[in-house]
Amino acid sequence: MEMEGRRREVVVSSLQFACSDDISSNVASAERFPLSPLSLPLFSFSLLLEKKVNFAHNLLCRLVREAHAKGANIVLIQELFEGYYFCQAQREDYFQRAKPYKDHPTIARMQKLAKELGVVIPVSFFEEANTAHYNSIAIIDADGTDLGIYRKSHIPDGPGYQEKFYFNPGDTGFKVFQTKFAKIGVAICWDQWFPEAARAMVLQGAEVLFYPTAIGSEPQDQGLDSRDHWRRVMQGHAGANVVPLVASNRIGKEIIETEHGPSQITFYGNSFIAGPTGEIVAEADDKTEAVLVAQFDLEKIKSKRQSWGVFRDRRPDLYKVLLTMDGNL
Ligand code: PUT
């Protein structure tokens with residue numbers, strides 16, 4: 001029986017777009033020249049003057065604004081959106097793409113945008129921390145406050161996705177962030193394949209899970225398409241934890257010069273939003289720019305989560321084997 005109760009509505013959004021690799025341009029130009037019909041003459045003039053305008057950031061700002069116009073409270077942008085997914089190659093010059101967390105220009109820019117629009121924005125970035133490097137994400141609250149960072153815990157390695165060359169395994173542990181609209185859990189890409197990470201975030205009170213991603217074709221096997229596997233695994237996290245889940249993945253073909261010649265990945269998008277039983281409530285295709293939105297009543301979902309009993313009936317005393325690598329206690 002459902003009783004009348006409090007409501008706490010939140011609108012979540014997932015962006016999907018193709019990244020450019022014009023990372024040398026500055027974020028400020030993106031904000032000065034947003035791509036709206038009124039600003040097009042100014043934008044053209046800026047092109048003449050500056051030659052280099054960061055289309056990725058212009059696009060990004062436009063898409064965040066579009067999400068806001070659709071009512072979004074929390075907007076997820078894909079993993080490492082500042083440029084191409086450089087982990088296709090092991091190149092020492094790519095370490096120059098890392099920047100310290102403090103005074104990071106893209107985070108600062110997104111803080112301004114978050115405050116202006118009143119939306120929460122997790123900002124994925126390549127972090128330099130003295131001698132360490134992390135695949136990190138800063139959570140920006142709706143008033144522009146930086147709530148802190150999560151550093152990606154599971155670092156993949158393999159053809160096309162050679163992240164271990166660049167990133168230390170994250171040391172923050174799985175985290176939740178109390179934002180204006182919801183307590184959220186944010187993990188990054190490869191983390192999405194690990195149910196332990198999702199469970200850890202929901203145990204700490206996450207009401208919605210967010211996964212920015214960069215995944216597509218596998219350079220070593222043109223016949224391998226992981227998109228359905230990718231989606232079903234995360235749908236399982238949503239259903240098993242009775243929480244909505246938001247995934248954002250890039251689209252587009254990216255060709256990068258590697259130590260073995262050119263390598264390419266076609267990113268398959270398929271960004272989606274799942275409801276608390278794992279059902280897909282919004283989805284994008286593999287080629288089209290998208291701004292997905294979905295609305296959830298977090299109080300209603302909390303009530304379902306409580307009554308379904310999957311947290312009541314947990315047996316942590318029997319889960320010690322999960323703390324081993326080989327299953328031997
Ligand atoms: N983003 C990492 C994906 C790895 C696919 N093999």
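Rules used in this analysis
Per chain, residue numbering runs from 1 following the sequence as it is written. Only residues with pLDDT of at least 70 are given local features in this predicted model, and only at 80 or more are side-chain atom pairs given and counted; all residues enter the totals for whole chains, interfaces and linings. Computation of side-chain values covers all heavy atoms of the structure but excludes hydrogens and water. Nonpolar core, defined: a set of buried Ala, Val, Leu, Ile, Met, Phe, Trp, Tyr and Cys residues in which side-chain atoms within 4.5 Å join the residues together. With a 1.4 Å probe rolled over the protein chains alone, any residue whose accessible area is under 20% of its type maximum counts as buried; one over 50% counts as exposed, and the rest are partly exposed. At least two DSSP bridges between two strands are needed for those strands to be called paired. Helix numbers and strand numbers start at the N terminus; a helix is a DSSP run of H or I with at least 4 residues, a strand a run of E with at least 2. Every axis corresponds to a line fitted to the C-alpha atoms, with the helix fit spanning only the stretch in contact, and the corresponding angles, defined between N-to-C directions, vary from 0 to 180 degrees. Contacts are residue-level and defined by heavy atoms, with any inter-residue pair within 4.5 Å sufficient. In these notes, residues near a molecule or strand are those with any non-hydrogen atom within 4 Å of it. The term polar contact refers here to a pair of N or O atoms within 3.5 Å; inside protein, the definition further demands a hydrogen-donor-capable atom paired with an acceptor-capable atom, and it admits residues adjacent in sequence only when both atoms are side-chain atoms. Note on areas: these come from Shrake-Rupley sampling with a 1.4 Å probe, and a residue is covered only by the protein chains present in the view. Three classes are used: nonpolar for Ala, Val, Leu, Ile, Met, Phe, Trp, Tyr, Cys and Pro, charged for Asp, Glu, Lys and Arg, and polar for all others, with Gly counted as polar. Pairing of aromatic side chains here covers Phe, Tyr and the six-membered ring of Trp, requires ring centres within 6.5 Å, and sorts the geometry by plane angle: under 30 degrees stacked, over 60 edge-to-face, intermediate tilted. Along the chain, pLDDT gives the predictor's confidence residue by residue, from 0 to 100. Orienting the strands away from the viewer, one traces the path from the first strand over the helix to the second; a clockwise path indicates a right-handed crossover. Patch criteria: residues need more than 30% relative accessible area and no salt bridge. Like-charged residues are merged within 9 Å; nonpolar side chains of Val, Leu, Ile, Met, Phe, Trp and Tyr are merged within 5 Å. Salt bridges, as used here, are contacts in which a Lys or Arg side-chain nitrogen is within 4 Å of a carboxyl oxygen on Asp or Glu. The definition used for a disulfide is geometric: two cysteine sulfur atoms within 2.5 Å.

Considerations on the nonpolar core
Nonpolar side chains tend toward joint burial in soluble globular proteins.
Here's step 1: Core analysis: the biggest nonpolar cluster contains 62 residues, and V12, I74, I184, L209, F210 and L245 have the highest contact counts within it.
Here's step 2: Judged by nonpolar contacts, the second largest core, of 27 residues, contains V64, L117, A138 and I149.

Brief notes about the sheet that holds strand β12 (residues 272-274)
Here's step 1: The sheet built from six strands is open, its strands ordered β6-β7-β8-β9-β12-β13 with mixed pairing. Two strands bound the open sheet, and with one partner strand each, they are β6 (176-178) and β13 (280-283). Neighbour-to-neighbour, the strand axes of the sheet open up by a mean angle of 20°, direction not taken into account.
Here's step 2: The pairing of β12 with β13 spans three bridges and is classified as antiparallel. Each bridged residue has a counterpart across the sheet, and for F272 the counterpart in β13 is E283.
Here's step 3: Running at roughly 140° to strand β8 (residues 208-213), helix α5 (residues 195-203) makes contact with β6, β7 (183-186) and β8 of the sheet.

Some thoughts on the site of the ligand
Here's step 1: Around the ligand sit P156, Y161, C189, W190, A214, I215 and E218, and that is every residue in its neighbourhood.
Here's step 2: In this structure, a nitrogen atom belonging to the ligand sits 3.0 Å away from a main-chain N or O atom of A214.
Here's step 3: Look at the ligand: alone it shows 240 Å² of surface, and the protein chains cover 87% of it.
Here's step 4: Within the shell around the ligand, the residues separate by chemical class into six nonpolar, no polar and one charged.

Quick word on the packing of aromatic side chains
Here's step 1: The tally for this structure, following the rule as stated, stands at 19 aromatic pairs.
Here's step 2: Relative to Y166, the ring of F95 has its centre 5.2 Å away and its plane inclined at 45°; by these criteria the two rings are tilted. With a gap of 71 residues between them, F95 in the loop between β2 (74-76) and α4 (105-117) and Y166 in the loop between β5 (146-151) and β6 connect regions that are remote in the sequence.
Here's step 3: You can call Y166 buried: its relative accessible area is 2%.
Here's step 4: Arranged with centres 5.7 Å apart and planes meeting at 70°, the rings of W230 and Y268 form a pair that is edge-to-face. Highlighted residues: W230 in helix α6 (residues 227-241) and Y268 in strand β11 (residues 261-268), separated in sequence by 38 residues.
Here's step 5: Look at W230 and you get buried, because its relative accessible area is 0%.
Here's step 6: Assessed through its relative accessible area of 5%, Y268 is described here as buried.

Comments concerning the confidence of the model for the protein
Here's step 1: In the predicted model, the protein carries a mean pLDDT of 91, and 88% of its residues have values of at least 70.
Here's step 2: Averaged pLDDT values over the elements of the protein bottom out at 36 in helix α1 (residues 27-32) and peak at 99 in β12.
Here's step 3: Below a pLDDT of 50 lies the segment residues 24-53, which in the model reaches 43 contacts outside its immediate sequence neighbourhood of four places, other chains included.

Observations regarding the pairing of β7
Here's step 1: Bridging between β6 and β7 involves three bridges; their strand directions are antiparallel. Within β7, the residue paired with V176 across the bridge is G185.
Here's step 2: Hairpin connection from β6 to β7: four residues lie between these consecutive antiparallel strands.
Here's step 3: As judged from the three bridges shared by β7 and β8, these two strands associate in the parallel manner. Bridge pairing in β8 links I184 to V208.
Here's step 4: Crossover handedness for the path β7 to α5 to β8: right-handed.

Observations regarding a nonpolar patch on the surface
Here's step 1: Together, L318, Y319, V321, L322 and L329 give the surface a local cluster of nonpolar side chains, amounting to about 520 Å² of exposed area.
Here's step 2: Position of L322 relative to the elements: it lies in the segment after α7 (298-308).

Some thoughts on the pattern of salt bridges
Here's step 1: This structure, assessed with the given rule, holds 22 salt bridges.
Here's step 2: Of the charged contacts, one joins E299 and R6 as a salt bridge, the two residues approaching to 3.5 Å between their closest N and O atoms. Here E299, found in helix α7, pairs with R6, found in the segment before β1 (9-16); they are 293 residues apart in sequence, far enough to count as distant.
Here's step 3: The partner of R97 in a salt bridge is D21, and the shortest N-O contact between them spans 2.9 Å. Placement of R97 in the loop between β2 and α4 and of D21 in the loop between β1 and α1 is noted, with a sequence separation of 76 residues between them.

A short note on the state of the cysteines
Here's step 1: Across all of its chains, the model carries zero disulfides by this definition.
Here's step 2: Free of any disulfide, C61 has its nearest neighbouring cysteine sulfur in C19, separated by 13 Å.

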